[in-house]
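The chain contents come next:
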Amino acid sequence: MNLTQRDKRIIWHPYTQHRLNPDSIGIVKGKGTYVFDEHGKKYIDALSSWWTCIHGHSHPYIAKKVSKQLKQLEHVIFAGFTHEPAVELAERLLKKFPKNQKRIFFSDNGSTAVEVALKMSFQYWYNKGIPKTKVIAFKNDYHGDTFGAMAVSDRGAFSKPFESHLFDVLFIDAPVKGKEKESVIQLRYQISNLGSQISSFIFEPLVQGVAGMIVHNAEALSEMIRICRENQIFTIADEVFTGFGRTGKFFATDHLTDKPDMMCLSKGLTGGTMAMGVTSCTDEVFDAFLSKDRINTFFHGHSFTANPVACAASLASMDLMEQKETWKRIRRIGNKHNKFKLKVESQKSKVKGKIQEIRRMGTILAIELKTSGETSYFNSIRDKAVKFFLDKGILLRPLGNVIYLVPPYCITDKDLDYIYDSILEFLNLL
Ligand SMILES: *Cc1c(COP(=O)(O)O)cnc(C)c1O
């Protein structure tokens, strides 16, 4: 039996309806932009495997550093102990973060990084004896699949079975094009209404990924951060997706004039090598947990907190992020995306009528298709597209009616052109 056959008898996959999609492609190797299946077929990984492997697969430099760390120290309990990779990573991340960020808390993934930020903000107010239990978030946001992260994510089909277990969140519109003012007004309204009960405002800065790569306005978001600061509401930038060059700058927050109180990282953090999360915060947050009374401690931790091997992978990825070559690649991909966008939007383009909107930010390109009926995740165009692109040797999984690219930075112009051409071919078939 091959991998696909052995797998389908015993494994339950994420976001997979096994009745409709029982077969998983068996992957045996990854190299740069490509993954190879057990029959030798090559796929261009156009979404960096769920937005993680920013430098490409099985990067030799990361592999070397990870292997060295494995032989030095594979893991140690992180309460009462520390180690070089964690200290160095925290030092180097803080140099990249906005200056107000002063402390690093490690966890396991993007969802836990969000849980930690939410718990820090709730407990901050608890420790001060001021009960603040509500949170503001953007409609269409996605922050993860654990309960706290789910509560602050857009409520829809995915969260429906758990709705009654999710805490109170005040949802406002993100400041997307045409809604910049309205979004700020909605924030002000929530604050004037319930301001004294609101502990924090969490958002995906500038790009709402899972919602379909929806881009919003940096000035409006900066203004919202300012308003929250004036009203003693913590701001939490969930950079799990947008961090590490994805939006053209190191962090999406670097596009803002006002800086958040906390930041969440994961996905590209380890260069996609393994799971790790980071939550950073200001001295103000950290200091509220300092006390002679142990009850004010932040009682949160995971078995693998600050795993040295994950830290070593992150440090290697940081080395790569600091190379000029990486930033040249990021700019090159952005420019290529833009040219393709202009070409498709031009009057002569044959597929223009099938497209609702094309969005581009940094290395992200999203093509939203016009649809008549269901525009959600459950859109049937999606299944057609997945199969079409797999047949072409391209790994793309549209978000509903949005076909998008989030490629590893090492992708070549030739592979990008091949993907663009395939997208046009698919649109012509529709
Ligand atoms: C993917 C994602 C998460 C969740 O991260 P996991 O590692 O999948 O738990 C949280 N926030 C954003 C913005 C994400 O894109």
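Predicted, not measured: the structure shown is a model, and the values here were computed from it. (Residues numbered from 1 in each chain as written. Predicted model: local features only at pLDDT ≥ 70, side-chain atom pairs only at ≥ 80, totals over all residues. Heavy atoms only, no water.)

**Quick look at the pairing of strand S14 (residues 364-369)**
So, point 1. Of all the six residues making up S14, five are buried; the element is thus mostly covered by neighbouring parts of the structure.
So, point 2. Summarising the sheet, strand S13 (residues 355-361) and S14 pair through six bridges and their orientation is antiparallel. Bridge pairing links Ile355 to Leu369 in S14.
So, point 3. Hairpin connection between S13 and S14: a loop of two residues separates the two successive antiparallel strands, and Gly362 in this loop has a positive phi of roughly 55°.
So, point 4. Two strands pair when backbone bridges link them, and S14 and strand S16 (residues 402-405) are joined in this way by four bridges, in the antiparallel orientation. Within S16, the position partnered with Ile367 by the bridge is Ile403. (Buried < 20%, exposed > 50% of the residue type's maximum accessible area, 1.4 Å probe, protein only. Helix = DSSP H or I, 4+ residues; strand = E, 2+ residues; numbered from the N terminus. Pairing = 2+ DSSP bridges.)

**Some points on the packing of helix H11 (residues 324-345) against helix H13 (residues 413-429)**
So, point 1. Two elements in contact, H11 and H13, have axes separated by 11 Å at closest approach and are oriented at 25°. One way to sum up the angle between H11 and H13 is to call them roughly parallel. In terms of crossing hand, the pair formed by H11 and H13 is right-handed. Judged by residue contacts, Arg332, Ile333, Lys336, His337, Phe340, Lys343 and Val344 of H11 engage Asp413, Leu416, Asp417, Tyr420 and Leu424 from H13. (Axes fitted to C-alpha atoms, helices over the stretch in contact; angles between N-to-C directions. Parallel < 35°, antiparallel > 145°, perpendicular 65-115°, else oblique. Left-handed = near helix turned anticlockwise from the far one by under 90°. Contact = heavy atoms within 4.5 Å.)

**A few points about the site of the ligand**
So, point 1. Neighbouring residues of the ligand: Trp51, Asn109, Gly110, Ser111, Tyr142, His143, Gly144, Glu204, Asp238, Val240, Phe241 and Lys267.
So, point 2. Within the side chain of Lys267, one N or O atom sits 2.7 Å away from an oxygen atom of the ligand.
So, point 3. For the ligand, whose accessible area on its own is 380 Å², the fraction buried by protein is 83%.
So, point 4. For the shell around the ligand, the per-class residue count stands at four nonpolar, five polar and three charged. (Near = heavy atom within 4 Å. Polar contact = N/O pair within 3.5 Å; in protein donor to acceptor, adjacent residues only side chain to side chain. Areas by Shrake-Rupley, 256 points an atom, 1.4 Å probe, with all protein chains shown as cover. Nonpolar A, V, L, I, M, F, W, Y, C, P; charged D, E, K, R; others polar.)

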